[in-house]
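# Fold and contact review
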Amino acid sequence: LAPSLLITHTTTLYHRTMNSIFSLLLVALAIANVAAFGVSTPVVSRVSAPTRTSKGNNMEMRARNCDLLGKTPNRQARVVTFSHKRIKKVQHVNLQWKRFYSEEMGKNIRLRLSTKGIKTVNKYGGIDAAAKKFDLDLTKHA
C-alpha cells in the first residue's frame with residue numbers, strides 16, 4: 001500500500017474507534033445519571049408555612065411582626081463605613097410582649113406589639129378600641 005493510503009486508512013480507523021469510545025462513554029454517563037437521580041426528578045416548590053412547631057413542645061415560631069399594626073423589619077437599610085463601603089443590614093422592629101386587659105372579654109390578653117403599637121393602644125384608651133380600629137381578632141391571642 002502507498003504511504004498516503006496507509007495514513008488515510010489508519011486515520012479513519014482511529015476516528016471510528018474514537019467515535020465508538022465516545023458513544024460508549026455517553027451511554028455510560030446517561031445510565032449513571034438515571035441511576036443517581038431517577039428517570040425524572042420532580043420539581044418541588046417549597047410552600048412556606050406561617051407558623052412552625054418544634055418537635056419537643058407546642059411552641060410556635062412567629063414572624064417578627066407587630067400584632068396590632070403589622071410593622072415588619074426594614075430590610076433595605078445600609079451602613080456606610082468610613083471607607084464608604086455600603087453594607088446591607090436589617091433594622092428590626094422594637095417588639096415587646098405586653099399584657100392588656102380586655103373589658104369585652106373580661107381577661108388579660110398578651111400581645112407582641114411594637115412600641116408604636118403600645119402608644120397607639122394608649123391613644124385609643126384600651127386594647128378593645130384599638131383592636132376594633134385595626135380589625136384585630138383578640139380571641140386568637142387570648
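Residue positions are given per chain, counting from 1 as you read along its sequence in written order. This being a predicted model, a pLDDT of at least 70 is required before a residue's local features are given, and a value of 80 or more before pairs of side-chain atoms are given or counted; all residues contribute to the totals for chains, interfaces and linings. The side-chain values count all of the structure's non-hydrogen atoms but skip hydrogen atoms and water molecules.

### Section: the overall build of the protein chain
Counting secondary structure elements, the protein chain contains 3 helices and 6 strands. Classification of the 142 residues of the protein chain by burial places 17% in the buried group. By the convention used here, residues are in contact when the closest approach between their heavy atoms is within 4.5 Å. Of the contacts made within the protein chain by residues no fewer than 6 positions apart, 39% connect residues no fewer than 24 positions apart. On the protein chain, roughly 11900 Å² of surface is accessible, and the fraction owed to carbon and sulfur atoms is 58%. In DSSP terms, a helix is any run of H or I states spanning at least four residues, a strand is any run of E spanning at least two, and both are numbered starting from the N terminus. Exposed residues in this analysis have more than 50% of their type's maximum accessible area, buried residues have under 20%, and partly exposed residues fall in between, with area computed by a 1.4 Å probe over protein chains only. Only the protein chains shown count as cover for residues, with accessible areas throughout obtained via the Shrake-Rupley method and a probe of 1.4 Å.

### A word on a positive patch on the surface
Residues form patches when they are more than 30% accessible in relative terms and have no salt bridge. Like charges link within 9 Å. Nonpolar side chains (Val, Leu, Ile, Met, Phe, Trp, Tyr) link within 5 Å. What counts as a salt bridge is simple: a side-chain nitrogen of Lys or Arg found within 4 Å of a carboxyl oxygen of Asp or Glu. For the purpose of charge, His is not counted, nor are the chain termini; Lys and Arg are scored as positive and Asp and Glu as negative. Just so you know, the charge point we use is NZ for Lys, CZ for Arg, CG for Asp and CD for Glu. Together, Lys71, Lys116, Lys119, Lys123 and Lys133 make up a positively charged patch on the protein surface. Take the positive patch: its biggest share by element is 3 residues, from helix 2 (residues 115-124). Tracing the chain through its elements places lysine 123 in helix 2.

### Side note on the nonpolar core
Note on terminology: a nonpolar core comprises buried Ala, Val, Leu, Ile, Met, Phe, Trp, Tyr and Cys residues joined through side-chain atoms within 4.5 Å. Core analysis: the biggest nonpolar cluster contains 15 residues, and Leu68, Leu111, Leu113 and Val121 have the highest contact counts within it. When contributions to this core are tallied by element, the ones reaching two or more residues are strand 5 (95-102), strand 6 (107-114), helix 2 and helix 3 (127-133). Ignoring anything within four residues of it in the chain, the contact list for valine 121 reads Leu68, Phe100, Leu113, Gly126, Ile127 and Ala130.

### Some words on unusual backbone geometry
Backbone geometry places histidine 84, a non-glycine residue, at a positive phi of 70°. Along the polypeptide, histidine 84 turns up in the loop between strand 3 (74-80) and strand 4 (86-91). Located in the positive-phi region is aspartate 135, a residue other than glycine, with phi close to 55°. Within the secondary structure, aspartate 135 is located in the segment after helix 3. Residue classification places aspartate 135 among the exposed residues on the basis of a relative accessible area of 71%.

### Quick look at helix 2
Because an α-helix packs 3.6 residues into every turn, residues spaced three or four apart end up facing the same way. The complete set of buried residues in helix 2 reads Gly117, Ile118, Thr120 and Val121. Considered in projection along helix 2, the buried side chains sweep an arc of 160° and stay on one side of the axis. Among the exposed residues of helix 2, those pointing more than 90 degrees away from its buried face are Lys116, Lys119, Asn122 and Lys123. Residues of helix 2 that are buried sit in contact with strand 5, strand 6 and helix 3. At the C-terminal side of helix 2, glycine 125 shows a positive phi close to 90°. The directions considered for the arc are those from the helix axis to the C-beta atoms.

### Overview of the packing of aromatic side chains
Ring geometry is summarised as follows: Phe, Tyr and Trp rings, the Trp one being its six-membered ring, pair when their centres sit within 6.5 Å, and such pairs are stacked at plane angles under 30 degrees, edge-to-face over 60 and tilted between the two. For the structure on display, the rule yields 1 aromatic pair. For the pair tyrosine 124 and phenylalanine 134, a centre-to-centre distance of 6.2 Å together with 90° between the ring planes defines the contact as edge-to-face. Linking tyrosine 124 in helix 2 with phenylalanine 134 in the segment after helix 3, this pair joins segments that are 10 residues apart in sequence. Given a relative accessible area of 32%, phenylalanine 134 falls into the partly exposed group. Directly above the aromatic system of phenylalanine 100 lies the positively charged group of lysine 98, at a separation of 5.8 Å from the ring centroid. Any Lys NZ or Arg CZ that is within 6 Å of a ring centre and within 35 degrees of that ring's normal is treated as a charge sitting over the ring. The ring of tryptophan 97 has arginine 110 lying over it, and the distance from NZ or CZ to the ring centre is 4.2 Å.

### Some details on the pairing of strand 6
Relative to strand 6, strand 5 runs antiparallel, the two sharing 8 bridges. The residue of strand 6 that forms the bridge with serine 102 is lysine 107. Turn length for the strand 5-strand 6 hairpin, with the two strands adjacent in sequence and antiparallel, is 4 residues, and the turn residue glycine 106 shows positive phi of about 75°. Strand pairing follows a simple DSSP-based rule, namely that at least 2 bridges must link the two strands.

Keep in mind these values describe shape, not function.
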